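Fold and geometry: a report
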Amino acid sequence: MCIFCEIANGNIPANIVYEDDQVLAFLDVAPTSYGHTLVVPKQHTESFLDCNPALLHHVMDVAQQLSNKLMNNLNCDGINVLTNVKEAAGQTIPHFHVHLIPRYEDSAKENVKFQFGEIDKIDVEQLVSNIIR
Ligand code: 5GP
Ligand code: ZN
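Our subject in this report is the structure included herewith. (Residues numbered from 1 in each chain as written. Chains lettered and ligands numbered in written order. Predicted model: local features only at pLDDT ≥ 70, side-chain atom pairs only at ≥ 80, totals over all residues. Heavy atoms only, no water.)

1. A word on the packing of aromatic side chains
Using the criterion set out here, one finds 3 aromatic pairs in the structure. Pairing Tyr34 with Tyr104 gives two aromatic rings, centres 6.4 Å apart and planes at 55°, and the pair type is tilted. Of this pair, Tyr34 sits in the loop between strand S2 (23-27) and strand S3 (37-41) while Tyr104 sits in the loop between strand S5 (98-103) and helix H3 (124-132), and the two are 70 residues apart along the sequence. With a relative accessible area of 7%, Tyr104 lands in the buried category. Seen from their ring centres, Phe48 and Phe96 are 6.4 Å apart, and the 55° between their planes marks the pair as tilted. Placement of the pair is Phe48 in the loop between S3 and helix H2 (53-73) and Phe96 in the loop between strand S4 (78-82) and S5, with a sequence separation of 48 residues. Residue classification places Phe48 among the partly exposed positions, given a relative accessible area of 38%. (Phe/Tyr/Trp six-rings, centres within 6.5 Å; stacked < 30°, edge-to-face > 60°. Helix = DSSP H or I, 4+ residues; strand = E, 2+ residues; numbered from the N terminus. Buried < 20%, exposed > 50% of the residue type's maximum accessible area, 1.4 Å probe, protein only.)

2. Some remarks on the layout of surface pockets
What the largest pocket holds in volume is close to 380 Å³. Taken together, 24 residues make up the lining of the largest pocket; nearest its centre are Phe4, Asp28, Val29, Ala30 and Leu38. Secondary-structure elements contributing two or more residues to the lining of the largest pocket are helix H1 (3-8), S2 and S5. At 3 residues, H1 tops the list of elements feeding residues into the lining of the largest pocket. (1 Å grid on protein atoms, 1.4 Å probe; cavity = no way out; pocket = protein on both sides within 12 Å on 5 of 7 lines; lining within 4 Å. Points joined across faces, edges and corners; volume = space filled by probe spheres on them.)

3. Brief notes about the coordination of the zinc ion (ligand 2)
Coordination sphere of the zinc ion (ligand 2), protein contribution only: Cys2 (SG), Cys5 (SG), His44 (ND1) and His95 (ND1), at 2.0 to 2.3 Å. Sequence positions of the residues that donate to the zinc ion (ligand 2) give the spacing C-x2-C-x38-H-x50-H. One end of the pair, His44, is in the loop between S3 and H2; the other, His95, is in the loop between S4 and S5, and 51 residues separate them in sequence. For His44, a relative accessible area of 40% gives the class partly exposed. (Donors = N, O, S within 2.8 Å, 3.2 Å for Na, K, Ca; no water.)

4. Regarding the site of ligand 1
The immediate surroundings of ligand 1 are formed by 16 residues, with Asp28, Asn84, Gly90, Thr92 and His99 found nearest. Interatomic distance of 2.9 Å between a backbone N/O atom of Leu27 and a nitrogen atom of ligand 1. In the model, an oxygen atom of ligand 1 is placed 2.7 Å from a nitrogen or oxygen of the Thr92 main chain. Protein contact buries 82% of the 520 Å² of open area that ligand 1 shows by itself. Using a 2 Å cut-off from the grid points, one finds that ligand 1 occupies the largest pocket. Of all elements in the fold, only H1 and S2 reach the threshold of two or more residues within the shell around ligand 1. Per element, the largest residue contribution to the shell around ligand 1 is 3 residues, and it comes from H1. For the shell around ligand 1, the per-class residue count stands at 9 nonpolar, 6 polar and 1 charged. (Near = heavy atom within 4 Å. Polar contact = N/O pair within 3.5 Å; in protein donor to acceptor, adjacent residues only side chain to side chain. Areas by Shrake-Rupley, 256 points an atom, 1.4 Å probe, with all protein chains shown as cover. Sits in = over half its atoms within 2 Å of the grid points. Nonpolar A, V, L, I, M, F, W, Y, C, P; charged D, E, K, R; others polar.)

Now the structure itself:
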């Protein structure tokens, strides 16, 4: 059983901040910022790609509600809401989860590094037709 299934089943402890019959949210064990939270469907599903749409919508509803709580109650200055899909994108736990990463102007409260560099010139028309085909 995967580690997030173990948490959802109560076999491994977690610091839970939200729970209903389908979704659980708990603090990340290795937080990259103060309040780093994971929103997880209780049912095992590998990633964003294969989560059934109704459950996905519910996960995102909870993610939005919790994001507003983090903004209001932790006084963060922003939040990164993200999900990693597959190892190549940094997914280490193969059970769908959404990261809520509060961001702070106060650098003592976070240790986050995202870098969006730019790739070399591409054929945009070709790219669009590849994506939509
Ligand atoms: P991923 O890299 O798959 O997008 O994110 C997995 C996240 O789960 C990481 O941020 C990692 O710190 C967190 N994590 C891994 N194992 C545990 C655990 O046992 N408990 C909790 N609360 N978080 C975990
Ligand atoms: Zn699982």
